[in-house]
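# A look at the structure
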Amino acid sequence: MRHVSEDDCRGTGLREEGLLLSETHWHQREEPFRLFIESVQDYAIFMLEPDGRVATWNAGAERTKGYKPSEIIGQHFSQFYSEEDIRDGLPQRLLDLAMEEGYAEDEGWRVRKDGSRFWARVTITAVRDATGKLIGFGKVTRDLTEHRRAEVALRSSEERSRLFIDAVQDYAIFMLDPEGHVITWNMGAERIKGYKPSEIIGQHFSRFYPEEDVCNGKPPMELEVAAREGRFEDEGWRVRKDGSKFWANVIIAAVRDSAGELLGFSKVTRDFTERMLGQKSLEESQRKLQESEKSLRELSLHLLRTQDEERRRIGREIHDSLGQYLSVLKMKLDSMSVTPATPEETSECAKPCR
């Protein structure tokens, strides 16, 4: 038997004292972190035993799931899952994945103590000691029910908007990527331009423009203006699938995310061919009416001039005839003053002038 010396006892005591000091120091460092975890209320943060039983419980877990620590510690965490998830083996699959990969993430419906459901984002992390032995799992759960409702409402709104846009037939409404390639296509676009979605999605929108516009760089210029100023509006000739042309009113708007990054462009095109032709017909009618009015004014002036000339001519004729009559009458009267006139001569002088 080995003799235990005083030095050995002193060394053993020092090692034990050092171990106690190390453990005390570790607990002193661990305690604030533990208190912090327990006080967090926006996240359910707790530990599971290797078999899935709850080992710790913080204030956030109590607020989110409704259980007090005394009610849940020692219970299996599968009771937070719906019956269909339990039947499908989801809780154990998540633990198995965390053991294999180090962690597992999931989103889905979870069940509170009162039976109500909430949409949760869950992270399960395998916790191992220094030797690599599994000592449990850390589980973080956040209630994203409101976020989920907003997301579902947004998705529903987007779906209604998509269905509405798809159903519109009087307007070609579609999206372009930042380079100008078609990424969506509605019924109005198919009706106006003649392409089916499978024929045009992925193609560059420049094919809708006449060759001279493409050669002049008009399509990329429109995207540049829309990207710089937010929108671009234009009217001009566009080309259908069959090569025929139509007069289009076009609005291109830049689409950006919340960070201002360009996602692409929305493009709204309306066939204004009939309106343009009607406008041209109206302008032609107005031109002809103006010409008719001009001709009418010229004719009126001509008639007025003719009437004035006729009045002057008649006046001259009357003046000349009357002058001649008066001259003859004067001559007769002069002759009568020398030689008395016969009744016939007097009667002739009294006759009206013709």
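First, a word on what this report is: a plain description of the structure on this page. Just so it is clear, the model here is predicted, and its values are computed rather than measured. (Residues numbered from 1 in each chain as written. Predicted model: local features only at pLDDT ≥ 70, side-chain atom pairs only at ≥ 80, totals over all residues. Heavy atoms only, no water.)

Another point: the overall build of the protein. The helix and strand tally for the protein stands at 12 helices and 8 strands. Each of the 354 residues in the protein was classed as buried or not, and the buried ones make up 26%. Relative to all contacts within the protein whose residues are 6 or more apart in sequence, the contacts with residues 24 or more apart total 38%. Working note: accessible area of the protein is about 23,900 Å², and carbon and sulfur atoms make up 55% of it. (Helix = DSSP H or I, 4+ residues; strand = E, 2+ residues; numbered from the N terminus. Buried < 20%, exposed > 50% of the residue type's maximum accessible area, 1.4 Å probe, protein only. Contact = heavy atoms within 4.5 Å. Areas by Shrake-Rupley, 256 points an atom, 1.4 Å probe, with all protein chains shown as cover.)

The sheet contact formed by strand β6 (residues 231-239) and strand β7 (residues 245-256) spans 9 bridges and is antiparallel. Opposite G236, over in β7, you have A248 as the bridge partner. Between the end of β6 and the start of β7, which pair antiparallel, lie 5 residues, with G243 showing a positive phi angle near 95°. By the bridge criterion, 9 bridges tie β7 to strand β8 (residues 262-271) in an arrangement that is antiparallel. (Pairing = 2+ DSSP bridges.)

It is worth spelling out helix α10 (residues 218-229) at this point. For α10, spanning 12 residues, the distance from its first C-alpha to its last is 16 Å, which sits close to the expected 16 Å at 1.5 Å a residue. Taken together, the buried positions of α10 are occupied by K218, P219, E222, L223, V225 and A226. Angularly, the buried residues of α10 cover 160° about the axis, an arc narrow enough to put them on a single face. In α10, the exposed residues that point more than 90 degrees away from the buried face are E224 and R228. Turning to α10, the residues buried within the fold contact β5 (172-176), α9 (211-215), β6, β7 and β8. (Expected span 1.5 Å × (residues − 1). Arc of directions from axis to C-beta.)

Taken by themselves, the reported measurements are silent on function.
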